[in-house]
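So you can see what is in the structure, the chains are spelled out below.
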Amino acid sequence: MGVHNCSIVVLVLLPLLLASSSSAATDFDFFYHVQQWPGSFCDTKGGCCFPGNVKPAVDFGIHGLWPNYAACRPAVGKNKTECWPEFCNAADTFDPLLVSDLKNGMDRNWATLSCKSNDSTGFWSHEWEKHGTCSNMDQHAYFAAALEFKARFNLTQILLDAGVVPSDEETYGVSSILDAITAATGSKPSIGCNKGVSGEMQLYEVYHCVDRTGTRPVDCPGTVQGRKCTDTVQFPAF
Ligand code: 5GP
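All values derive from a computational prediction rather than experimental measurement.

A few points about the site of the ligand
So, point 1. In the vicinity of the ligand, 15 residues are found, and the nearest of them are Q36, T112, L113, E127 and K130.
So, point 2. For the ligand, an oxygen atom lies 3.1 Å from a polar atom in the side chain of K116.
So, point 3. One of the side-chain nitrogen or oxygen atoms of H126 is found 2.9 Å away from an oxygen atom of the ligand.
So, point 4. Because more than half of its atoms lie within 2 Å of the grid, the ligand is assigned to the second largest pocket.
So, point 5. Sort the elements by how many residues they give to the shell around the ligand and helix 4 (residues 121-130) lands first, with four residues.
So, point 6. Counted by class, the shell around the ligand contains six nonpolar, six polar and three charged residues.

Given below as structure tokens:
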């Protein structure tokens, strides 16, 4: 191949190579770090189960660390909008061996409450494959970041200190819950609710917003779609 032909090949291939390497990084704006209250997960028609039948601590547990867009956008090539990226790399399946040193922390802080399985591996696989593969982190960094963020704030204690005590009778103002968490953590969270077996509205999830590195708390932009709360909610006993 002559020098001329060679430079044409380079000119044609270089942009393609650059495009393919930069498309490996997923574009998103912030993470939701989501914690679930076990009392609210359990007080539902489906109920709950515990890995190895051992009841977890009376504490929030991690649901996931979810890359999210600041504003929903039209999905490329699909006739719908999307508010977060998901399932970014089907080839990168969850491998428990890659996080074996984190397993104790995950068992204590990220246990499944679903009755579909008796151990948390399926829950962790789902969270990695749906959300983690879009995080621009490897599996170890992803699970470590979620555990480390949870350890920064004792959410259960923050609520107790604000007088938000687990109870099957009391109701609490959503604004006082949000204010208490904001004051203690320095950033504005969001919350999500579900309905208990008697139809009562309950605090189910707390969403902290975290910057793209997975470390720095930032204010959440608004309310979370799909898990609306009324002005007062229960915080059921567990
Ligand atoms: P996501 O909300 O991350 O999109 O999906 C959660 C998935 O994990 C659901 O398929 C749900 O059945 C499963 N799952 C397993 N254990 C749990 C749990 O303890 N809490 C929640 N919220 N989902 C769980």
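From this point, things continue past the structure.
Considering the pattern of salt bridges
Pairs may arise between side chains of opposite charge once their charged atoms sit close together.
So, point 1. Going through the model one piece at a time under the given rule, you end up with five salt bridges.
So, point 2. For D59, the salt bridge goes to K150, with nearest N and O atoms at 2.9 Å. Of the two residues, D59 is situated in the loop between helix 2 (38-42) and strand 2 (61-68) and K150 in helix 5 (residues 139-152); the sequence distance between them amounts to 91 residues.
So, point 3. Relative accessible area serves as the criterion here: at 23%, D59 is assigned to the partly exposed category.
So, point 4. Note on K150: relative accessible area 9%, which makes it buried.
So, point 5. We note a salt bridge from R216 to D211, for which the minimum N-O separation is 3.9 Å.

Re the nonpolar core
So, point 1. In this structure, W110, F143, L159, I177, L203 and F235 are the most contacted members of the largest nonpolar core, which totals 46 residues.
So, point 2. The element contributing the most residues to this core is helix 5, with seven residues.
So, point 3. Excluding its chain neighbours within four sequence positions, the residues that come into contact with F143 are F94, V99, L102, M106, W110, W124 and W128.
So, point 4. Grouped together as the second largest cluster of nonpolar side chains are eight residues, F30, V34, C209 and V224 included.

Section: the packing of aromatic side chains
So, point 1. With the rule as written, the count across this model stands at 16 aromatic pairs.
So, point 2. Both rings, one in W37 and one in F235, keep their centres 4.3 Å apart while their planes meet at 35°; by these two values the pair is tilted. Of the two residues, W37 sits in the loop between strand 1 (30-36) and helix 2 while F235 sits in strand 9 (residues 232-235), which places them 198 residues apart along the sequence. No difference in accessibility class separates W37 from F235, as the two residues are buried.
So, point 3. With a centroid separation of 5.8 Å and 75° between ring planes, the pair formed by F149 and F153 is classed as edge-to-face.

Looking at the layout of surface pockets
So, point 1. Within this model, the largest pocket holds a volume of roughly 480 Å³.
So, point 2. In terms of lining, the largest pocket is formed by 24 residues, of which the most central are Y32, N68, W84, V224 and Q225.
So, point 3. A per-class count over the lining of the largest pocket returns 12 nonpolar, eight polar and four charged.
So, point 4. Computed from the structure, the second largest pocket encloses a volume of approximately 350 Å³.
So, point 5. Residue composition of the lining of the second largest pocket, by class: five nonpolar, nine polar and two charged.

Cut-offs applied
Residues numbered from 1 in each chain as written. Predicted model: local features only at pLDDT ≥ 70, side-chain atom pairs only at ≥ 80, totals over all residues. Heavy atoms only, no water. Near = heavy atom within 4 Å. Polar contact = N/O pair within 3.5 Å; in protein donor to acceptor, adjacent residues only side chain to side chain. 1 Å grid on protein atoms, 1.4 Å probe; cavity = no way out; pocket = protein on both sides within 12 Å on 5 of 7 lines; lining within 4 Å. Sits in = over half its atoms within 2 Å of the grid points. Helix = DSSP H or I, 4+ residues; strand = E, 2+ residues; numbered from the N terminus. Nonpolar A, V, L, I, M, F, W, Y, C, P; charged D, E, K, R; others polar. Salt bridge = Lys/Arg side-chain N within 4 Å of Asp/Glu carboxyl O. Buried < 20%, exposed > 50% of the residue type's maximum accessible area, 1.4 Å probe, protein only. Core = buried A, V, L, I, M, F, W, Y, C linked by side-chain atoms within 4.5 Å. Contact = heavy atoms within 4.5 Å. Phe/Tyr/Trp six-rings, centres within 6.5 Å; stacked < 30°, edge-to-face > 60°. Points joined across faces, edges and corners; volume = space filled by probe spheres on them.

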